[in-house]
Amino acid sequence: MLEFIQLLKQRYQTVLQQLDKKNPQYLDYQQRIEQLLHGEAFIRKGELLDNNPGFPLQIAVIGPTQAGKSSVVNLLLNANAAGVSPLAGYTVQAQGFCHSLSPDDCDGMQHYFGRFQRLEQNQLRPERYDCYSLSASPGASALLPACVCWDTPDFDSIDAADYREGVIRTIALADIVVLVVSKEKYADQSVWEMMKAIEIFQQPTLICINKLNEGSEQVILDSLRQKWLQTRHDPLPTLVPLLFQKAPAVPNWPQSASQAFNELAKKVTRHKHVARQQQLISRYWLDWLEPVFAEHHAQHHWQTLVDQALAQALKEYQRDYLNHPHHYETFQNALLNLLTLLEIPGIAKALGKTRRAMTWPFRKLFALGGTPINPNQELGVLNQLGEHLLIQIADRLLEKTETEPADSRWWKETAMALRQKRGDLLQIYRQAVTDYHSDFQQDVEASAQRLYVKLQEQPMVLNSLRATRVTTDVGALLLAIQAGGIGIHDLVITPLMLTITSLLAESAIGSYMHKVEAELKQHQLNTVKTALFDACLKQRLYLLPQGVLSPTRFNISEQQCHAAEQALKEKKHGLRLL
């Protein structure tokens, strides 16, 4: 699941770079990227806890700019550990301080932060956002149990987008969250958007209202309670007011909240982490995958379009060849094969030599003219259908770009891909047509064999056909000697085929002959559909959109989504990480 979330986040980031900021999707995609960052970090924390059951307690101090987060961290640690500055945005990396424990006790921290580099606190630079520090606190505090206390960057300044991922990772890592707000910032929308986003983590929370003027506490505390109730569904956390103190004075922590962190630590429920992880992903799953499902939907429409075009091409093949009274020649070829089987062994060899000698001038003439002796109607029909099919699909793609504006880019890119691949598709298809026609001759010969075997059951009919075979062939050869310029097809095949077909139709096996013809025709239809339209064209056309490597596409397959959804449902109490 972690790998899938990371893949989805990466695709969102790539697509976002292509969008205009005025595009309505821009803000939606930004929000989803942040949600994915939360999901990724929370899954990482689950792995961290699985691998390190005794991992130290983590407390994250968060808040808007100039709220006094670093000052509160120092107050909690009872030490000048976090850097404090009157300038906004002074802290831009997460800085962890180990209280009553050693950084060596935090085994697995680097694996959790992933690509973020751990540096010493004095090595942190303002221009480096992909790093964090972890150091021992120089003091001891009665306010905190043994823990790592994190000072975090703000999440609301103009530059916050640059280092927001570090903030999110630190918040997701926390067992306890301390929200620090000032009297100027407590009502900011950014504060409550963040608190709403992390509600699903179900972390015990404490709110520090910093820089209060004496006498104004109650008004601000009441207003803050209302904000919480409007934003969150969990109970109102402990509120700690901190009165304004002029620098360098440190605020006083109220005695009434001296045991606050010990009480919060008792509410930490790490054993429920995996269930919360599942809830988080389930909550956003459909929103995250909305553009991915839209691509799948377009892919299904594309496949339907291809199916319809192929079905139409198959109907035209039946009309223009299989059911055409003049073009259909496959069964005639079967009968030609039967003629060979009908030749009388004693004179077949002599007639064959004579036939070849007499027809050689005509075959040579057609060869020099570049015209085949017996042009195959089926090959012509199939090749023409292939070209027409691709033209028809290209026209439908252009229609889709106009009738489906939400997915017009997807259809335009697919149309461009078809244009680029059209020549290759036609070449592959034509070769497949040639291979099919060659391979199908075995089925033609098999039909001739079936007729011949059936004729052997009728000796009188067989002998009659053999006699006709000889007399017609010899008569045609004599006619060739006298007429000289008659074409080969008219010379030999046409009169002979008419005679043989009539005799078969009028004989005792006439019904059997029609059955063989019908079965051959149906088999031919099925073979063309399977070998040419399905195996050759259908599969390649289906896969055509998936080969479009566009930065505006997510290109996450249905199989990948299905595997992730199965992982989401696989365990009753949580997720199985892929």
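Note that the coordinates shown come from a computational prediction; the quantities given were computed from them, not determined experimentally.

Take the overall build of the protein chain next. Secondary structure summary: the protein chain contains 18 helices and 8 strands in total. Residue burial in the protein chain is summarised as follows: out of 578 residues, 49% are buried. Here the analysis covers contacts within the protein chain between residues at least 6 apart in sequence; of these, 80% occur between residues at least 24 apart. With an accessible surface of roughly 28500 Å², the protein chain has 52% of that area assigned to carbon and sulfur atoms.

With that out of the way, let us pick up the pattern of salt bridges. Inspection of the entire model under this criterion finds 24 salt bridges. Close ionic contact of R32 with E290 constitutes a salt bridge, the shortest N to O distance being 3.1 Å. Pair noted here: R32 is in helix α2 (residues 24–51) and E290 is in helix α10 (residues 290–322), with a separation of 258 residues, a long-range link. Residue R32 is classed as buried on the basis of its relative accessible area, which comes to 12%. Here K400 makes a salt bridge to E404, at a shortest N to O gap of 3.0 Å. Residue K400 is classed as buried on the basis of its relative accessible area of 15%. Salt bridges linked by common partners bring K9, E40, R44, R115, E165 and R169 together as one network.

The next subject is the nonpolar core. Counting 77 residues, the largest nonpolar core has L8 and W150 as the members making the most contacts within it. What L8 contacts, discounting residues up to four positions off in sequence, is L36, W288, L289, V292, F554 and I556.

Note on placement: S135 falls in strand β4 (residues 131–136). Residues in contact with S135, not counting those within four places in the same chain, are G96, F97, C98, P103 and Q121.

What follows concerns the pairing of strand β5 (residues 147–151). For β5, the tally of buried residues reaches 5 of 5 residues, placing the bulk of the element in the interior. Residues C147, C149 and D151 of β5 are buried on one face, and the alternating residues V148 and W150, pointing to the opposite face, are buried as well. Sheet topology places strand β1 (residues 57–62) next to β5; 5 bridges connect them, and they run parallel. Residue pairing across strands places V61 opposite D151, the latter belonging to β5. Direction of pairing for strand β2 (residues 94–99) relative to β5: antiparallel, over a ladder of 5 bridges. Residue pairing in the sheet places Q95 in a bridge with D151 of β5.

Considering the arrangement of structural elements, one finds S258 in the loop between β8 (238–243) and α8 (260–266). Engagement of the side chain of S258 in a polar contact is seen with the backbone oxygen of Q255, the distance being 3.1 Å. Apart from the residues lying within four places of it in its own chain, the contact partners of S258 are A142, L143 and W253.

With that settled, consider the sheet that holds β8. With respect to topology, 8 strands assemble into an open sheet ordered β3-β4-β2-β5-β1-β6-β7-β8, the strand pairing being mixed. Since the sheet does not close on itself, it has two edges, and those belong to β3 (117–119) and β8, each with one partner. Direction aside, the axes of adjacent strands within the sheet are offset by 25° on average. Along the sheet, helix α3 (residues 69–77) contacts β1, β2, β5, β6 (176–182), β7 (205–212) and β8; its crossing angle with β5, the most-contacted strand, is approximately 160°.

Bringing helix α9 (residues 273–288) into the picture now. One full turn of an α-helix is made of 3.6 residues, so residues set three or four places apart face in the same direction. Here α9 contains 16 residues, and its C-alpha end-to-end distance of 21 Å stays within 8% of the 22 Å for a straight helix at 1.5 Å per residue. Along α9, the largest kink reaches about 25° and is centred on S282. Three or more residues of α9 are buried, namely H273, R276, Q277, Q278, L280, I281, Y284, W285 and W288.

Turning our attention to the packing of aromatic side chains. Think of a pair of aromatic rings as described by two things: how far the centres are apart, and how the planes are tilted against each other in angle. Here the structure, examined in full by the defined rule, presents 17 aromatic pairs. Taking the centre distance of 4.8 Å and the plane angle of 80° together, the rings of Y12 and F554 count as edge-to-face. Taken as a pair, Y12 in helix α1 (residues 2–18) and F554 in the loop between α17 (510–543) and α18 (558–570) lie far apart in primary sequence, 542 residues in all. You'll find Y12 and F554 in the same group, each marked buried. Seen in terms of ring centroids, Y112 and F113 are 5.2 Å apart; in terms of plane orientation they differ by 85°. Their pairing is edge-to-face. The exposure classification of Y112 matches that of F113, with both residues buried. Ring pairing ties together the aromatic residues Y112, F113, F116, Y132 and W150, which thus form one cluster.

Our focus in this paragraph is unusual backbone geometry. In this model, N78 sits at a positive phi of 60°, which is unusual for a non-glycine residue. By secondary structure assignment, the location of N78 is in the loop between α3 and β2. Even without a glycine there, the phi angle at Q202 is positive, about 55°. Positionally, Q202 belongs in the loop between α6 (189–197) and β7.

Turning our eyes to something else, we now look at the environment of T269. With respect to the element layout, T269 can be found in the loop between α8 and α9. Separated by 66 residues in sequence, T269 and Q203 place their C-alpha atoms 8.6 Å apart. Polar contacts involving the side chain of T269 include one to the side chain of R276, which spans 2.6 Å.

Conventions adopted
Residues numbered from 1 in each chain as written. Predicted model: local features only at pLDDT ≥ 70, side-chain atom pairs only at ≥ 80, totals over all residues. Heavy atoms only, no water. Helix = DSSP H or I, 4+ residues; strand = E, 2+ residues; numbered from the N terminus. Buried < 20%, exposed > 50% of the residue type's maximum accessible area, 1.4 Å probe, protein only. Contact = heavy atoms within 4.5 Å. Areas by Shrake-Rupley, 256 points an atom, 1.4 Å probe, with all protein chains shown as cover. Salt bridge = Lys/Arg side-chain N within 4 Å of Asp/Glu carboxyl O. Core = buried A, V, L, I, M, F, W, Y, C linked by side-chain atoms within 4.5 Å. Pairing = 2+ DSSP bridges. Polar contact = N/O pair within 3.5 Å; in protein donor to acceptor, adjacent residues only side chain to side chain. Axes fitted to C-alpha atoms, helices over the stretch in contact; angles between N-to-C directions. Expected span 1.5 Å × (residues − 1). Bend = angle between axes of the 7 residues up to and from the residue. Phe/Tyr/Trp six-rings, centres within 6.5 Å; stacked < 30°, edge-to-face > 60°.

In short, shape yes, function no, at least from these values alone.
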